[in-house]
Amino acid sequence: MERLAIGMIAVALALFLAALTIGPAAIGPGESLRALIAGDAGPLTLVMREIRLPRAILAVMVGASLGLAGAAMQGYLRNPLAEPGLIGISGTAALGAVISIQTGLAASVALGLPAMALVGALVGVALVVALAGSRGSSLTMILAGIAISALAAALTSLVLNLSPNPFAANEIVFWMMGSIADRSMTHVWIALPFMALGWMILATLGRGLDALTLGEDAAGAMGIDLARLRLKLIVGTASVVGAATSVAGAIGFVGLVVPHILRPFVDAQPSRLLWASAMGGAIMVLAADIAVRLILPDRDLKLGVVTALVGAPLFLHLIYKTRRQLA
Amino acid sequence: MTLLSVEQLSVSLRDRHVLKNITFAVGTGECVGLLGPNGAGKTTLMRAALGLIPHEGSSSIASMDPAERARTAAWIPQTREIAWPVTVERLVMLGRIPYMAGGQRPKVDDHENVDAALAAMELDGLRNRTATRLSGGEQARVLIARALAQDTPLILADEPVAGLDPAHQISTMQKFAGLARAGRSVIVSAHDLGLAARHCTRLILLSGGSIAADGPPDEVLTIERMAEIFGVRAFFQDTEDGPVFQPLEVIQ
């Protein structure tokens with residue numbers, strides 16, 4: 001376990017440094033890191049502190065959030081196909097963002113877009129909690145999530161449909177692909193409080209998720225308050241996913257694939273999978289965001305496209321492997 | 001000493017009375033067999049007594065706070081759910097959750113309890129095997145070991161021998177009877193009347209959500225009750241090894 005943690009931290013650190021030193025501005029790695037630390041008002045320091053540093057930090061934050069929430073969701077539902085988007089919050093957050101682009105709020109008010117996305121996430125979580133919060137079952141939570149996702153997707157399509165000019169529609173489509181390019185430290189500060197809250201809530205779920213290995217009844221008899229666990233799961237997931245969507249758009253497959261890949265390395269223990277998936281998510285998004293810059297540096301390849309392009313085949317491979325095990 | 005005291009316990013599901021005014025108490029050293037046809041309310045009674053479902057009336061276990069309850073009664077549900085491919089040892093260690101705070105590592109005491117539970121269910125050789133890849137009988141034993149590791153004075157098991165081969169049915173019931181003799185109390189629901197009669201010290205017969213009979217096996221299980229409650233004509237013989245029942249035909 002310790003070896004896995006040390007290995008993952010080392011990889012994440014290496015990727016973080018790589019993310020800081022790779023970009024369109026041709027600066028050597030040593031030079032760019034010196035400029036980051038130096039703190040003079042030179043253009044290099046500006047590039048490092050205002051462009052690359054927030055981007056790398058956001059990659060870690062968004063990746064860790066999606067990995068952690070994915071592990072928690074799979075642990076709670078006892079299903080390796082579960083993912084953080086299941087409760088519909090990414091959909092309502094995206095809807096909020098899309099409305100802000102459509103109405104021009106995103107362009108006229110600084111941070112109008114992430115603020116509206118967070119409002120969307122809040123509305124979403126209020127709906128899920130009302131439908132499945134304290135008295136519902138895991139099934140009502142899934143059904144509520146599906147219904148809310150479908151409604152958010154329909155409304156997003158409606159906004160696109162009624163879009164008065166092709167530029168707004170274009171911007172919406174590109175935003176929805178998910179990216180952390182051209183973000184500032186302000187985006188980091190906007191997302192951080194919500195994510196930190198969500199991380200703290202989700203990190204406390206380990207014991208209950210372990211008990212759920214034996215099913216809801218056995219966990220209940222071992223003193224686990226399932227209603228409270230579900231509420232914490234919904235609020236924690238909504239906080240991290242809402243914040244991630246508001247600053248990065250929809251980044252798919254991280255929350256689904258990362259816990260799945262790492263499960264064998266933590267002996268399938270849900271509690272240990274939580275921190276491992278947080279690390280793994282950070283690594284995946286950092287790597288994908290570096291890939292975005294290396295593969296097509298001048299075409300503004302979107303992060304969400306890459307995570308899906310990498311994640312989907314990986315997932316297919318995992319399904320194939322699982323199928324062979326079952327046969 | 002009374003370990004579980006249930007008084008006037010009733011459960012309604014959508015206006016249907018599943019349990020009506022159930023009253024009984026279980027003391028130390030008892031191995032109670034809970035019998036009754038499908039739908040009689042056996043599972044509901046155990047879940048309500050444990051406080052897992054809403055109910056009226058009182059149960060001494062259900063009214064405890066969850067942490068205390070988890071150290072008093074262990075529950076083996078009938079659905080043998082093992083969600084993830086964990087090792088047998090890790091799965092049995094889950095029984096120690098009531099004694100561990102979140103994030104805490106197992107202590108010497110926890111390992112001792114797990115070792116004892118594995119030994120009691122003869123699982124030492126399977127310790128490092130993946131629980132989900134074991135046979136149904138082996139999984140059933142692992143889940144009983146998990147409940148033993150919880151180290152509670154009371155164990156409730158819902159049809160623990162369902163789906164097991166005859167040898168494992170007998171050894172499982174012997175295990176429960178042995179636990180009761182060693183000072184714990186056990187409540188098991190079962191459909192094999194003879195098996196329950198031979199190994200339990202007491203039988204509670206449920207019918208239509210009420211207790212039809214409660215007492216020593218030979219008083220509770222009679223040919224007349226078999227006909228009346230289970231609707232079957234049965235072969236019955238009292239042998240040296242205890243009563244033998246064999247249902248023969250359904251009474252129209």
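Residues numbered from 1 in each chain as written. Chains lettered and ligands numbered in written order. Predicted model: local features only at pLDDT ≥ 70, side-chain atom pairs only at ≥ 80, totals over all residues. Heavy atoms only, no water.

A.B. asks: Teacher, can you tell me more about the overall build of chain B here?
C.D. replies: Summing up its helical and strand segments, chain B has nine helices and 11 strands in all. A compact globule built from 252 residues would reach a C-alpha radius of gyration of about 18 Å, and chain B, at 18 Å, matches this within 12%. Principal-axis analysis of the C-alpha atoms places the extent of chain B at approximately 55 × 40 × 35 Å. Taking as baseline every contact in chain B between residues at least 6 positions apart, the subset at least 24 positions apart corresponds to 64%. Carbon and sulfur atoms provide 49% of the accessible area of chain B, an area that totals close to 11400 Å². (Helix = DSSP H or I, 4+ residues; strand = E, 2+ residues; numbered from the N terminus. Rg over C-alpha atoms; globule rule 2.2 N^0.38 Å. Contact = heavy atoms within 4.5 Å. Areas by Shrake-Rupley, 256 points an atom, 1.4 Å probe, with all protein chains shown as cover.)

A.B. asks: Can you walk me through the pattern of salt bridges in this structure?
C.D. replies: If the charged atoms of two oppositely charged side chains come close together, the side chains can form a pair. All names here are of chain A. A full pass over the atoms with the stated rule returns 15 salt bridges over all chains. The salt bridge partner of R272 is D267, with a shortest N-O separation of 3.7 Å. Residue R293 is joined to D289 by a salt bridge in which the shortest nitrogen-to-oxygen separation is 3.2 Å. Pair noted here: R293 and D289 are both in helix 14 (residues 270–295), with a separation of four residues, about one helical turn. Residues R293 and D289 agree in their burial class; the two are buried. (Salt bridge = Lys/Arg side-chain N within 4 Å of Asp/Glu carboxyl O. Buried < 20%, exposed > 50% of the residue type's maximum accessible area, 1.4 Å probe, protein only.)

A.B. asks: Just to check I follow, could you spell out helix 9 (residues 185–203) of chain A for this structure?
C.D. replies: Each α-helix winds once per 3.6 residues, and so residues spaced three or four apart point in a common direction. Residues and elements named next belong to chain A. The first and last C-alpha atoms of helix 9 sit 25 Å apart over 19 residues, in line with the 27 Å expected at 1.5 Å per residue. Taking the largest bend as the criterion, helix 9 deviates by roughly 35°, centred on L192, and proline P193 comes between one and four positions later. Within the sequence span of helix 9, burial applies to H187, V188, I190, A191, M195, G198, I201 and L202. Against helix 3 (43–77), helix 6 (112–132), helix 12 (226–248) and helix 14 lie the buried residues of helix 9. (Expected span 1.5 Å × (residues − 1). Bend = angle between axes of the 7 residues up to and from the residue.)

A.B. asks: Please clarify how the packing of aromatic side chains should be interpreted in this entry.
C.D. replies: For any two aromatic rings, the description comes down to two numbers: the centre-to-centre distance and the angle of the planes. In the structure shown here, the tally under the stated rule is two aromatic pairs over all chains. Centre to centre, the rings of B:F236 and B:F245 are 5.0 Å apart; their planes meet at 50°, and the pair counts as tilted. Residue classification places B:F245 among the buried positions, given a relative accessible area of 9%. One cation-aromatic arrangement involves A:R263 over B:W84; the distance from NZ or CZ to the ring centre is 4.0 Å. (Phe/Tyr/Trp six-rings, centres within 6.5 Å; stacked < 30°, edge-to-face > 60°. Lys NZ or Arg CZ within 6 Å of the ring centre and 35° of its normal.)

A.B. asks: Help me out: how do you make sense of the interface of chain A and chain B in this one?
C.D. replies: Opposite the 27 residues of chain A that make contact, chain B presents 28 residues. Interface of chain A and chain B: buried area, both sides summed, is about 2200 Å²; carbon and sulfur atoms make up 60% of it. Between A:D217 and B:R47 there is a salt bridge; the shortest N-O distance is 2.7 Å. Counting across the interface, chain A meets chain B through nine residue pairs in polar contact (both at pLDDT 80 or more). (Buried area = accessible area lost by both parts, 1.4 Å probe. Polar contact = N/O pair within 3.5 Å; in protein donor to acceptor, adjacent residues only side chain to side chain.)

A.B. asks: Got a minute to help me understand the side chain of A:R183 in this structure?
C.D. replies: Residue and element names in this part refer to chain A. Among the structural elements, R183 can be located in the loop between helix 8 (166–176) and helix 9. No salt bridge is formed by the buried R183, whose closest oppositely charged neighbour, D182, lies at an N-O distance of 6.1 Å. There is a polar contact of 2.7 Å between the side chain of R183 and the backbone oxygen of S179. Side-chain polar atoms of R183 contact the backbone oxygen of A181, separated by 2.7 Å. Those residues in contact with R183, other than ones at most four positions away along the chain, are E50, I51, P54, L58, W175, V247 and A248. (Lys, Arg positive; Asp, Glu negative; His and termini not counted.)

A.B. asks: Before we go on, may I ask you to explain the domain arrangement of chain B in this structure?
C.D. replies: Reports often express the size of an interface as the amount of accessible area lost when the parts come together. Residue and element names in this part refer to chain B. On domain assignment, one finds that chain B holds domain 1 (1–72 + 153–168 + 178–220) and domain 2 (79–151). With centres defined by C-alpha atoms, the gap from domain 1 to domain 2 works out at 24 Å. Counting from both sides, the interface comprises 12 residues of domain 1 and, opposite them, 10 residues of domain 2. Contact with domain 2 buries area across many residues of domain 1, yet A70, R71 and R184 alone supply 46% of it, more than any other trio. Here domain 1 is connected to domain 2 by five residue pairs in polar contact (both at pLDDT 80 or more). Among the residues making up the side of domain 1 that touches domain 2, the classes are represented as eight nonpolar, one polar and three charged. (Domains from an automatic or database assignment. Nonpolar A, V, L, I, M, F, W, Y, C, P; charged D, E, K, R; others polar.)

A.B. asks: Help me understand the nonpolar core, please; the structure alone is not making it clear to me.
C.D. replies: Nonpolar side chains tend to gather and get buried jointly when the protein is soluble and globular. Within the largest apolar cluster, 146 residues are counted, with the highest numbers of intra-cluster contacts made by A:M141, B:L91, B:V92 and B:F176. Per-element accounting of this core gives the leading share, 16 residues, to helix 3 of chain A. In terms of domain composition, this core takes at least three residues from each of domain 1 (1–72 + 153–168 + 178–220) and domain 2 (79–151) of chain B. (Core = buried A, V, L, I, M, F, W, Y, C linked by side-chain atoms within 4.5 Å.)

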